[in-house]
Amino acid sequence: MRPQGNQLRLVVGSDAAGREYRNALASDLRANPLVATVVDIGSDDRARRPYPEVAFAAGQLIAGGQVDRALLVCHTGLGMAIAANKVQGIRAVTAHDSLSVRVSVLSNNAQVLAFGQGIIGLALARRLAAEWLTYRFEATSSAAVKIEAIHAFEDQRFPAATTPDQPR
Ligand SMILES: O=C[C@H](O)[C@H](O)COP(=O)(O)O
């Protein structure tokens with residue numbers, strides 16, 4: 001489906017430790033009017049894909065422009081974020097509170113949000129996911145220069161403004 005207005009194209013994924021929340025969240029997301037599409041990349045219990053594989057696949061869908069954001073679940077949310085951050089151009093966070101979820105988009109322009117099924121209850125995960133959908137990064141915000149600094153470092157451009165002071 002073609003996105004309308006401010007609708008988002010999403011990918012959801014989990015390892016076996018996050019499967020229950022992934023299924024519940026995917027169902028919520030599909031019913032949310034702020035969502036255009038939800039691609040579910042698994043994995044199910046039989047596949048037992050380790051979290052890095054799922055995170056890399058989700059990150060590559062974003063980097064390739066097929067989707068806008070990813071919601072990933074593992075036991076803690078930590079491994080998913082670490083692995084997704086290894087994909088060029090991806091900013092992934094683990095966040096389990098409203099403020100962090102908000103800032104992850106408005107300040108960090110993170111495209112990936114990772115939850116830990118073993119860390120928060122399902123009701124909170126659902127609420128945070130719904131809040132997450134309402135935020136959009138503003139390219140004109142003062143945060144944009146910091147995102148550009150992250151990209152420059154990633155691309156090994158090392159702009160002088162972001163080079164740490166030399167020890168005297
Ligand atoms: O950060 C990692 C996740 O919590 C994952 O679900 C558990 O990791 P494991 O597969 O190494 O046990």
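A brief report on the enclosed structure follows. (Residues numbered from 1 in each chain as written. Predicted model: local features only at pLDDT ≥ 70, side-chain atom pairs only at ≥ 80, totals over all residues. Heavy atoms only, no water.)

For the chain, the helix and strand inventory stands at six helices and five strands. Starting at the N terminus, the α and β elements of the chain follow one another as β-α-β-α-β-α-β-α-β-α-α. In terms of C-alpha radius of gyration, the chain reaches 16 Å, essentially the compact-globule figure of 15 Å for 168 residues. Projected onto the principal axes, the alpha-carbon positions of the chain cover approximately 55 × 35 × 30 Å. The buried share of the chain, taken over its 168 residues, is 42%. Across the chain, the fraction of contacts at a sequence separation of at least 24, relative to all contacts at a separation of at least 6, is 70%. On the chain, roughly 9000 Å² of surface is accessible, and the fraction owed to carbon and sulfur atoms is 54%. The centroid of the 18 positive side-chain charges in the chain is displaced by 3 Å from the centroid of its 15 negative side-chain charges. (Helix = DSSP H or I, 4+ residues; strand = E, 2+ residues; numbered from the N terminus. Rg over C-alpha atoms; globule rule 2.2 N^0.38 Å. Buried < 20%, exposed > 50% of the residue type's maximum accessible area, 1.4 Å probe, protein only. Contact = heavy atoms within 4.5 Å. Areas by Shrake-Rupley, 256 points an atom, 1.4 Å probe, with all protein chains shown as cover. Lys, Arg positive; Asp, Glu negative; His and termini not counted. Charge placed at Lys NZ, Arg CZ, Asp CG, Glu CD.)

All of the buried residues in helix α4 (residues 98–106) are V101, S104 and V105. Around the axis of α4, the buried residues are gathered within 90 degrees of arc, so they sit on the same side. On the buried face of α4, the contacting elements are β3 (69–74), β4 (92–94), β5 (112–116) and α5 (122–133). One side-chain oxygen of the residue at the start of α4 lies 3.2 Å from the amide nitrogen of L99, identifying that residue as D97. (Arc of directions from axis to C-beta. Polar contact = N/O pair within 3.5 Å; in protein donor to acceptor, adjacent residues only side chain to side chain.)

On to the side chain of R22. On the secondary structure map, R22 appears in helix α1 (residues 19–30). Note on R22: relative accessible area 6%, which makes it buried. For R22, the side chain forms a polar contact with the main-chain oxygen of S43, separated by 3.0 Å. Those residues in contact with R22, other than ones at most four positions away along the chain, are V12, G13, S14, D40, G42, S43 and V73.

By themselves, these are just geometric observations and shouldn't be taken as functional.
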